[in-house]
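# Architecture and fold: a report
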Amino acid sequence: MPELPEVETVRRTLAPILGARVTGVSAHRVALHMGRRIDPAALRRASAGAVVDRVDRWGKYLLWYFAGRDTGVLVHLGMTGRLRVVPPGAPRDPHTHAVWTLADGRTVRFSDPRRFGLVDVFGRGAERAHPSLAPLGIDALDGPLTGRALARLAAGSGQAIKALLLDQRKIAGIGNIYACEALWRARIAPALPARELDGERAGRLARAVRAALRAALDHGGTSLRDFVNAAGNPGSYRDHLRIYGRAGRRCPRRGCRGTIVRTAIQGRATFHCPTCQAT
DNA sequence: CTGGTGACCTGCGGGC
DNA sequence: TGCCCGCAGGTCACCA
C-alpha cells in the first residue's frame, strides 16, 4: 500500500485530530515487523491525556507529537496498515492492534492484517536516535532531491537504478509503484547500473520522481487493494498509473509503439517499456 | 563494504 | 463449489 504519497495523504487527513486530547489508549502486545511488539504502556505514557499538536512524515514514517510530552508516537503502515479516525461506535477493521480514544469520543485506530507495520515511541528532538529513523536518507519529496544529489548517490554503484531508488537509506519514501512510474517518466531502464546514470539522466530522474509522487498525491494516492486515508477513503491514482501493473499493454507514451513488460529486480515486480526505456 | 535472496504475515484472485 | 498456487504497496537478517 503505502509509499510516500499514501503516507502523506494519511498525514493530511489526520488534520481533524490536531488539537484533540487523547483520553485513552488501548493496544495489544502483538508482534509486528521482525517480532517487534507494540508496547501499550509506552504508548500510554507518550499520548494518554495529551493534546495532539503535530503529525509529521519522514519518508514512509508518520510521527505524532503531543503537547508537553517529550515522547512521540511513530507509525509505519507496512503493506496493509491503516490509520483511521472514526466516529464513536464505528465498526472496527479486522486486525486492529491499537486504538486511541479522543475526548469527543472519536477514535484513531491502527489496523494491519499482515503486521508488517510498526507502532513505537520516539524521543522528541531525538528522532534520529530511533533505529528505524536513524538510517533514512533524504526525503523523496522534501529532499531536496536534485539531479546532483541523485548523481552523487548513484556514483560508483553497480546496483540497478531501480534498487537504488528503493533504498530508504539513500532516498526515503519511494516504493515499488513509484520507482517504476518515475523510471518510465524519465525514460530510463530499471536495470541500468546506477553508475551509468549521467548528469542529464540524473536530472531527468530527479524531476520524474518528484512529478510521479506529486501526481499521485494530487489524487490521494494509489489504492491497489487495502489503502485508505485517515477518513476511510481510497486514493484514485490507480486509474492514472502509466506503467505499474500494465504488462502486455501498449506503452502510453505519445509516439511510442512499445509493449510494457514485467521483469523482476531484487525479487520485486518491475514494469517498463523496452522501447522507450532502452537504457 | 556491496549486492542479492528469502523470511516475515494474511488475504485475495485465478486456474483447475 | 473448493482447493492450491502465486502474488501483494515493505523491511530486515543473512549470505557470498
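Cut-offs applied
- Residues numbered from 1 in each chain as written.
- Chains lettered and ligands numbered in written order.
- Predicted model: local features only at pLDDT ≥ 70, side-chain atom pairs only at ≥ 80, totals over all residues.
- Heavy atoms only, no water.
- Helix = DSSP H or I, 4+ residues; strand = E, 2+ residues; numbered from the N terminus.
- Buried < 20%, exposed > 50% of the residue type's maximum accessible area, 1.4 Å probe, protein only.
- Lys, Arg positive; Asp, Glu negative; His and termini not counted.
- Salt bridge = Lys/Arg side-chain N within 4 Å of Asp/Glu carboxyl O.
- Polar contact = N/O pair within 3.5 Å; in protein donor to acceptor, adjacent residues only side chain to side chain.
- Contact = heavy atoms within 4.5 Å.
- 1 Å grid on protein atoms, 1.4 Å probe; cavity = no way out; pocket = protein on both sides within 12 Å on 5 of 7 lines; lining within 4 Å.
- Points joined across faces, edges and corners; volume = space filled by probe spheres on them.

Let us now look at the side chain of Glu 181. Along the polypeptide, Glu 181 turns up in helix 5 (residues 176-186). With no salt bridge to any partner, buried Glu 181 finds its closest opposite charge in Arg 185, at an N-O distance of 5.2 Å. Here the side chain of Glu 181 touches Arg 242 through a polar contact of 2.9 Å, landing on its backbone nitrogen. Residues contacting Glu 181, with those up to four places away along its chain left out, are Ala 212, Leu 241, Arg 242, Ile 243 and Tyr 244.

The next point concerns empty space enclosed by the protein. Under the defined criterion, the tally for this structure stands at one cavity of 30 Å³ or more. Estimates place the volume of the largest cavity at around 60 Å³. Along its surface, the largest cavity is lined by Arg 82, Arg 84, Val 86, Pro 91, Arg 92, Asp 93, Thr 96, Arg 109 and Ser 111. Of all the secondary-structure elements, those providing two or more residues to the lining of the largest cavity are strand 5 (82-86) and strand 7 (107-111). The element that contributes the greatest number of residues to the lining of the largest cavity is strand 5, accounting for three residues.

If you trace the backbone, His 240 turns up in the loop between helix 6 (199-218) and strand 11 (261-265). His 240 sits in the partly exposed class, given a relative accessible area of 35%. Within the local environment of His 240, its side chain forms a polar contact with the side chain of His 219, the two groups lying 3.4 Å apart.

Note that every value here comes from positions in space, so none of it alone points to a role or purpose.
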